[in-house]
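# Understanding the architecture of this molecule
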Amino acid sequence: MSERLASFMALSSALTGFNAMRLHATDLAETYLSLLDQIVPIDIVNDLLDSLRELPADRDGEPLPAILRDPQLGPIARNVIMLWYCGTWQQLPAGWRTAFGASPLDKTHLVSGAAYQAGLQWLAAGAHPPGAKQQGFGAWALAPAGGRDGERDIL
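Residues numbered from 1 in each chain as written. Predicted model: local features only at pLDDT ≥ 70, side-chain atom pairs only at ≥ 80, totals over all residues. Heavy atoms only, no water.

## Section: the overall build of the protein chain
The following threshold applies: Numbering goes from the N terminus for both helices and strands, where a helix is a DSSP run of H or I of at least four residues and a strand is a run of E of at least two. A simple rule labels every residue: compare its accessible area, found with a 1.4 Å probe on the protein chains alone, to the largest value its type can have, and call it buried under 20%, exposed over 50%, or partly exposed in between. Contacts between residues were defined by any pair of non-hydrogen atoms, one from each residue, lying within 4.5 Å. Methods summary: accessible areas were calculated by the Shrake-Rupley approach with a probe of 1.4 Å, and residue burial reflects only the protein chains presented.
The helix and strand tally for the protein chain stands at nine helices and two strands. The N-to-C order of helical and strand elements in the protein chain reads α-α-α-α-α-α-β-α-β-α-α. Among the 155 residues that make up the protein chain, the fraction classed as buried is 35%. Residue pairs at least 24 apart in sequence account for 56% of intrachain contacts in the protein chain once pairs closer than 6 positions are excluded. When the accessible surface of the protein chain is summed, it comes to about 9,100 Å², and 55% of that surface belongs to carbon and sulfur atoms.

## Brief notes about the packing of helix α1 (residues 3–16) against helix α3 (residues 29–39)
To be explicit about the condition: Every axis in this analysis is a line fitted to C-alpha atoms, fitted for helices over the stretch in contact. Angles between the N-to-C directions lie between 0 and 180 degrees. The scheme is simple: roughly parallel for angles under 35 degrees, roughly antiparallel for over 145, roughly perpendicular for 65 to 115, oblique for anything else. Put simply, Ala, Val, Leu, Ile, Met, Phe, Trp, Tyr, Cys and Pro go in the nonpolar bin, Asp, Glu, Lys and Arg in the charged bin, and everything else, Gly too, in the polar bin.
At their nearest, the axes of α1 and α3 sit 10 Å apart, and the two run at 100° to each other. One way to sum up the angle between α1 and α3 is to call them roughly perpendicular. Here α1 contributes R4, L5, F8 and M9 to the contact with α3, which in turn contributes A29, E30, Y32, L33, L36 and D37. For the contact of α1 with α3, the per-class residue count stands at seven nonpolar, no polar and three charged.

## Overview of the packing of aromatic side chains
The condition is simple: Any two rings among Phe, Tyr and Trp, with Trp reduced to its six-membered ring, count as a pair given centres within 6.5 Å; such a pair is stacked if its planes are under 30 degrees apart, edge-to-face if over 60, and tilted if neither.
What the rule picks out here adds up to five aromatic pairs. With a centroid separation of 4.9 Å and 85° between ring planes, the pair formed by Y32 and W84 is classed as edge-to-face. Remark: W84 occurs in helix α6 (residues 74–86) and Y32 occurs in helix α3; sequence separation between them is 52 residues. Of the two residues examined, Y32 and W84, each falls in the buried class. Linked through ring pairs, F8, Y32 and W84 together constitute an aromatic cluster.

## A short note on the side chain of T26
Mapped onto the elements, T26 comes out in the loop between α2 (20–25) and α3. Ignoring any residue separated from it by four or fewer positions in sequence, one finds T26 in contact with W84 and A118.

## Some points on the environment of R4
Mapped onto the fold, R4 is located in helix α1. A relative accessible area of 25% places R4 in the partly exposed class. Separated by 42 residues in the primary sequence, R4 and N46 have C-alpha atoms spaced 8.3 Å apart. Ignoring anything within four residues of it in the chain, the contact list for R4 reads L33, D37, I42, V45, N46 and L49.

Next up, the structure:
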């Protein structure tokens, strides 16, 4: 794994709350990093990848709030979260595009069917992507995992 991809995985792990092994299992890390490189100027992507160790931490010693508040890096970091959870790229805000550059590829879109299926939202919700990874015959007859005495957990 390249140093750049390792930095992307470390940042993604911090942003999503999932460990790098779980993210790597989606087989989408290189796809997502490549997408960033195509849409965002490379020097800004590199700044984002270096941000965990270079940005000052907040009062609690956490760099993530500083990254998310940063006017240049924050919108991109939020998009990285959306990539991992939903498999979608959200168009960067108009103000960001004006200040830092616009790419013709910066349009809201689903990255791929595989990205939709591997979205962390399904794992976080204990669900399956509709129409993609079926639970199996008769799954409708079983109580959801985590329920108590037949009660359903409402998220």
